[in-house]
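Breakdown of the fold
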Amino acid sequence: MVSVQFILAIGDRKKKAEIQRILKNYTIMDAKTRKALQDFGFRIEEDGKHYRLTFFGDDRYNTTVAKTPSDARAGKNIAHYIEQTMM
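Bear in mind that the values here come from a model prediction, so they are computed numbers and not experimental data.

What follows is about the overall build of the protein chain. Counting its regular elements, the protein chain contains three helices and three strands. Moving toward the C terminus, one meets the helices and strands of the protein chain in the order α-α-β-β-β-α. Counting only residues that meet the buried cut, the protein chain has 29% of its 87 residues in that class. Summarising the internal contacts of the protein chain: among those between residues at least 6 apart in sequence, 36% fall at separations of at least 24. With the model as given, the accessible surface of the protein chain reaches about 6100 Å², and the carbon-plus-sulfur share is 52%.

Below, the structure written as C-alpha cells:
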C-alpha cells in the first residue's frame, strides 16, 4: 500500500523540478517564462527594476526578481529560494 506521505513527496518533487525548469536559464521575464510562472500559480507584478512574484495571491509567499539579473545563477537561486520558502 502506498502512503499518503509518499504521494505528497512525489508531488513536491514534481513541483520543485518544474520550478527549476522554468527558472533554470532566467535572464529576462519573456512571455514564455511569464506564462509558465502564472500557470504554476504566481501573480507577477512590475515593481520598478524588479518583478514581484506572489504565490497563489497569498502575500505571505512572495519574492522579488530582478528584471535584468547580473548573476548567471540568478534563476537557479530564485528557484531554490522558492522551493525552500513556498513549497
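Next, the rest of the story.
Summed over the entire model, instances satisfying the criterion amount to four aromatic pairs. Consider the rings of F42 and F55, whose centres lie 4.9 Å apart with planes at 45 degrees: the pair is tilted. Within this pair, whereas F42 is found in strand β1 (residues 42-47), its partner F55 is found in strand β2 (residues 50-55), the two being separated by 13 residues in sequence. By relative accessible area, which is 4% here, F42 ends up buried. Exposure remark for F55: the relative accessible area of 12% places this residue in the buried category. What links up through ring pairs into an aromatic cluster is the set F40, F42, F55 and F56.

As a further point, take the pairing of strand β3 (residues 62-66). By the alternation rule, side chains of β3 split into T63 and V65, which are all buried, and N62, T64 and A66, of which none is buried. Bridge analysis of β2 against β3 gives five bridges, and the strand direction is antiparallel. Each bridged residue has a counterpart across the sheet, and for L53 the counterpart in β3 is T63. Linkage of β2 to β3, two consecutive antiparallel strands, is achieved through a turn of six residues, within which F56 is found at a positive phi near 50 degrees.

Once that is clear, we can look at the pattern of salt bridges. Opposite charge on two side chains allows them to pair when their charged atoms are near. Evaluation of the coordinates by the stated rule reveals seven salt bridges. Put simply, D39 and K35 hold a salt bridge, and the shortest N to O gap is 2.9 Å. Residue D39 and its partner K35 are both found in helix α2 (residues 31-40); the two are separated by four residues, about one turn of the helix. The partly exposed category is assigned to K35, whose relative accessible area is 48%. The salt bridge partner of D59 is R43, with a shortest N-O separation of 3.3 Å.

A few words now on the layout of surface pockets. Volume-wise, the largest pocket comes out at about 170 Å³. Forming the walls of the largest pocket are R21, I22, N25, Y26, T27, I28, D30, K32, T33 and A36. Looking at the lining of the largest pocket, the elements with two or more residues in it are α1 (4-23) and α2. Looking at the lining of the largest pocket, its residues break down into four nonpolar, three polar and three charged.

Cut-off values and rules
- Residues numbered from 1 in each chain as written.
- Predicted model: local features only at pLDDT ≥ 70, side-chain atom pairs only at ≥ 80, totals over all residues.
- Heavy atoms only, no water.
- Helix = DSSP H or I, 4+ residues; strand = E, 2+ residues; numbered from the N terminus.
- Buried < 20%, exposed > 50% of the residue type's maximum accessible area, 1.4 Å probe, protein only.
- Contact = heavy atoms within 4.5 Å.
- Areas by Shrake-Rupley, 256 points an atom, 1.4 Å probe, with all protein chains shown as cover.
- Phe/Tyr/Trp six-rings, centres within 6.5 Å; stacked < 30°, edge-to-face > 60°.
- Pairing = 2+ DSSP bridges.
- Salt bridge = Lys/Arg side-chain N within 4 Å of Asp/Glu carboxyl O.
- 1 Å grid on protein atoms, 1.4 Å probe; cavity = no way out; pocket = protein on both sides within 12 Å on 5 of 7 lines; lining within 4 Å.
- Points joined across faces, edges and corners; volume = space filled by probe spheres on them.
- Nonpolar A, V, L, I, M, F, W, Y, C, P; charged D, E, K, R; others polar.

Everything listed is a geometric property; what it means functionally is a separate question.
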